[in-house]
Amino acid sequence: MLTGVSLSWLGFLVGMTTLWSLAEGAPVGGFLVPCSAGLFGGVAALVAVSRAPGVRRMSADARSLLLAALACPVPLVLAIAAWFATL
């Protein structure tokens, strides 16, 4: 649940900031670059772990628990940082 909400918030934040920057003619970057890089890096790491042979041999419950524990911190930390950066 936390991962989904934080990914939704980050997607909205990146989309709206990009749209406003493009409409204004300002360069797109700044806070968006590290936020997007962290998000895509977390997704890449999660996909790499889920494709590892040792993880694929795990039972479905253990694999889901492991991937859920890995998926939560990256977008959640970025969403919290984005929330406090906008205040």
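Residues numbered from 1 in each chain as written. Predicted model: local features only at pLDDT ≥ 70, side-chain atom pairs only at ≥ 80, totals over all residues. Heavy atoms only, no water.

1. Remarks on the overall build of the chain
What the chain contains, in helices and strands, is 5 helices and 0 strands. If you list the helices and strands of the chain from N to C, you get α-α-α-α-α. The burial tally for the chain puts 21% of its 87 residues in the buried class. Counting only contacts in the chain whose residues sit at least 6 apart along the sequence, the fraction spanning at least 24 positions is 60%. If you sum the accessible surface of the chain, you get close to 5,900 Å²; carbon and sulfur atoms cover 75% of it. (Helix = DSSP H or I, 4+ residues; strand = E, 2+ residues; numbered from the N terminus. Buried < 20%, exposed > 50% of the residue type's maximum accessible area, 1.4 Å probe, protein only. Contact = heavy atoms within 4.5 Å. Areas by Shrake-Rupley, 256 points an atom, 1.4 Å probe, with all protein chains shown as cover.)

2. Digging into the side chain of serine 50
Of note, serine 50 is situated in helix 2 (residues 32-50). A distance of 2.9 Å separates a polar side-chain atom of serine 50 from the backbone oxygen of valine 47. Leaving out residues up to four positions away in the same chain, serine 50 has contacts with Val55, Arg56 and Leu67. (Polar contact = N/O pair within 3.5 Å; in protein donor to acceptor, adjacent residues only side chain to side chain.)

3. Section: the nonpolar core
Membership of the largest hydrophobic core is limited to 7 residues, which are Leu10, Leu13, Cys35, Leu39, Leu78, Ala79 and Ala82. Looking at this core, the elements with two or more residues in it are helix 1 (2-24), helix 2 and helix 5 (73-85). The dominant element in this core, judged by the number of residues it contributes, is helix 5, at 3 residues. Among residues more than four places away in sequence, those in contact with cysteine 35 are Leu10 and Leu78. (Core = buried A, V, L, I, M, F, W, Y, C linked by side-chain atoms within 4.5 Å.)

4. A short note on the side chain of serine 21
Among the structural elements, serine 21 can be located in helix 1. Those residues in contact with serine 21 that lie beyond four places of it in its chain are Ala26, Pro27 and Val28.

5. Concerning a nonpolar patch on the surface
Residues Met58, Leu66 and Leu70 make up a contiguous nonpolar surface patch of roughly 220 Å² in combined accessible area. Along the chain, leucine 66 falls in helix 4 (residues 60-71). (Patch = residues over 30% accessible without salt bridge, like charges linked within 9 Å, V, L, I, M, F, W, Y side chains within 5 Å. Salt bridge = Lys/Arg side-chain N within 4 Å of Asp/Glu carboxyl O.)

6. Some details on the packing of helix 2 against helix 4
Contact geometry of helix 2 with helix 4 gives a least axis separation of 10 Å together with a crossing angle of 165 degrees. With respect to each other, helix 2 and helix 4 are oriented roughly antiparallel. The handedness of the crossing between helix 2 and helix 4 comes out as right-handed. Taking contact as the criterion, the partners of Leu46, Val49 and Ser50 in helix 2 are, on helix 4, Leu66, Leu67, Leu70 and Ala71. (Axes fitted to C-alpha atoms, helices over the stretch in contact; angles between N-to-C directions. Parallel < 35°, antiparallel > 145°, perpendicular 65-115°, else oblique. Left-handed = near helix turned anticlockwise from the far one by under 90°.)

7. Digging into the confidence of the model for the chain
Taken residue by residue, the chain gives an average pLDDT of 78. The fraction at 70 or more is 90%. Within the chain, no element has a lower average pLDDT than helix 5, which sits at 75, and none a higher one than helix 3 (residues 53-56), at 91. (pLDDT = per-residue confidence, 0-100.)

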